[in-house]
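# Structural overview
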Protein chains: 2
Amino acid sequence: MNKVDKSKKTVSSDGDALTCDSSLVHLEQVRQVQSEIVTTEKAQQMAQFFGAMADPHRLKLLSALVKAELCVCDLAAVVKMSESAVSHQLRLLRNLRLVKHRREGRNVYYSLADAHIANLYREVAEHLDEA
Amino acid sequence: MNKVDKSKKTVSSDGDALTCDSSLVHLEQVRQVQSEIVTTEKAQQMAQFFGAMADPHRLKLLSALVKAELCVCDLAAVVKMSESAVSHQLRLLRNLRLVKHRREGRNVYYSLADAHIANLYREVAEHLDEA
DNA sequence: TATTCATCTGAATAGACATTCAAGCTTAAA
DNA sequence: TTTAAGCTTGAATGTCTATTCAGATGAATA
């Protein structure tokens, strides 16, 4: 990842160097856009977040939690997965702060971390219904 | 995937059967939620969409396209990837209708398919800035 | 028409990820 | 203080995914 080219053509005009495999069609525009796009760190952070939503099983879990706070074994029954698999997925969602949990006796109850998650979920669901 | 359990405990009260590995804590609530969650097909569709956004390189490409319509070699320069890798990623984004393209001479120019994409992008970016 | 540029494509390799299985921990009940 | 329920965890396995590389296409230029 983050391939560094070995002695490719190097174009530079007034600032930092800009390397590429072949020719650039719009040098100035590229320099401009390059300074405006998201940083690598932010992109990784966003990718991690979207990645959490990029699995059918996790989406089902989230859509269940939109409706109610549920414990692990109930969630497993709802989405028809093993409790172990559910637990693994919930840990992932927990680490990214998409869900929160609370213990009550021997049960652990999960719920959505905040309203944003439900909103995002709904937006994408609606977006895909349009086309 | 979609594991089907072999002779686990089966709980049923008034409608279709509900199987699970262990006990259910809240049978009625589970039945209720189960009827309300997203369908498997919709979940897969949504997962595919989120999956498209779940990669730092693709997010950089999208964030560049928020700023301007660009051809492949320019995009490759902006995000510092090989043109081949960019082309592969653009095809993925194209297939999921996140971007559209148009040919002009030997160049192919890409742009965002619609405003939703930019909005979603912005929302998540802002959401992550809060915490 | 031959050549070159811009882009695309398929196969192959390497890395990431989800489920399963077996075992561990915590809490409540016996 | 045993025993069991509910949940978590780590390792292993199989699957998916991204890049690279080599080669093919399509359009413009010589």
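In case you missed it, the structure is sitting above this.
The structure reproduced in this document is the subject of the present report.

What counts and how
Residues numbered from 1 in each chain as written. Chains lettered and ligands numbered in written order. Predicted model: local features only at pLDDT ≥ 70, side-chain atom pairs only at ≥ 80, totals over all residues. Heavy atoms only, no water. Contact = heavy atoms within 4.5 Å. Buried area = accessible area lost by both parts, 1.4 Å probe. Salt bridge = Lys/Arg side-chain N within 4 Å of Asp/Glu carboxyl O. Polar contact = N/O pair within 3.5 Å; in protein donor to acceptor, adjacent residues only side chain to side chain. Helix = DSSP H or I, 4+ residues; strand = E, 2+ residues; numbered from the N terminus. Expected span 1.5 Å × (residues − 1). Buried < 20%, exposed > 50% of the residue type's maximum accessible area, 1.4 Å probe, protein only.

## Focus on the interface of chain B and chain A
Reports of interface size often rely on the accessible area that becomes lost once the parts have come together. Across the contact, 63 residues belong to chain B and 62 residues belong to chain A. Contact between chain B and chain A buries roughly 5,600 Å² in total, counting both sides, with carbon and sulfur atoms accounting for 67%. It is Phe50(B), His127(B) and Leu128(B) in chain B that bury the most area against chain A; as a group they hold 11% of the surface buried on that side. Inspection of the chain B/chain A interface yields two salt bridges. Note that Lys42(B) and Asp129(A) form a salt bridge whose closest N and O atoms lie 3.1 Å from each other. Where chain B packs against chain A, one counts 17 residue pairs in polar contact (both at pLDDT 80 or more). For the side of chain B that touches chain A, the elements supplying multiple residues, two or more each, are helix H1 (27-36), helix H2 (40-53), helix H3 (56-67), strand S3 (70-71), helix H4 (72-79), strand S5 (107-112) and helix H6 (115-130) of chain B.

## Let's talk about helix H2 (residues 40-52) of chain A
In a regular helix each residue adds 1.5 Å, so 13 residues correspond to 18 Å; H2(A) covers 18 Å between its end C-alpha atoms and thus fits that length. When we look at burial in H2(A), the residues that qualify are Lys42(A), Ala43(A), Met46(A), Ala47(A), Phe49(A), Phe50(A) and Ala52(A). Buried residues belonging to H2(A) abut helix H3 (56-67), helix H5 (83-95) and helix H6 (115-130) of chain A together with H2, H3 and H6 of chain B.

## Here's the deal with H6(B)
Over its 16 residues, H6(B) runs 23 Å from end to end, which matches the ideal 22 Å to within 8%, given 1.5 Å per residue. Looking only at H6(B), the buried set comprises Ile117(B), Ala118(B), Leu120(B), Tyr121(B), Val124(B), Ala125(B), His127(B) and Leu128(B). Turning to H6(B), the residues buried within the fold contact H2 and H6 of chain A together with H2, H3 and S5 of chain B. Two to three positions downstream of the cap, the backbone nitrogen of His116(B) sits 2.7 Å from a side-chain oxygen, assigning the N-cap of H6(B) to Asp114(B).

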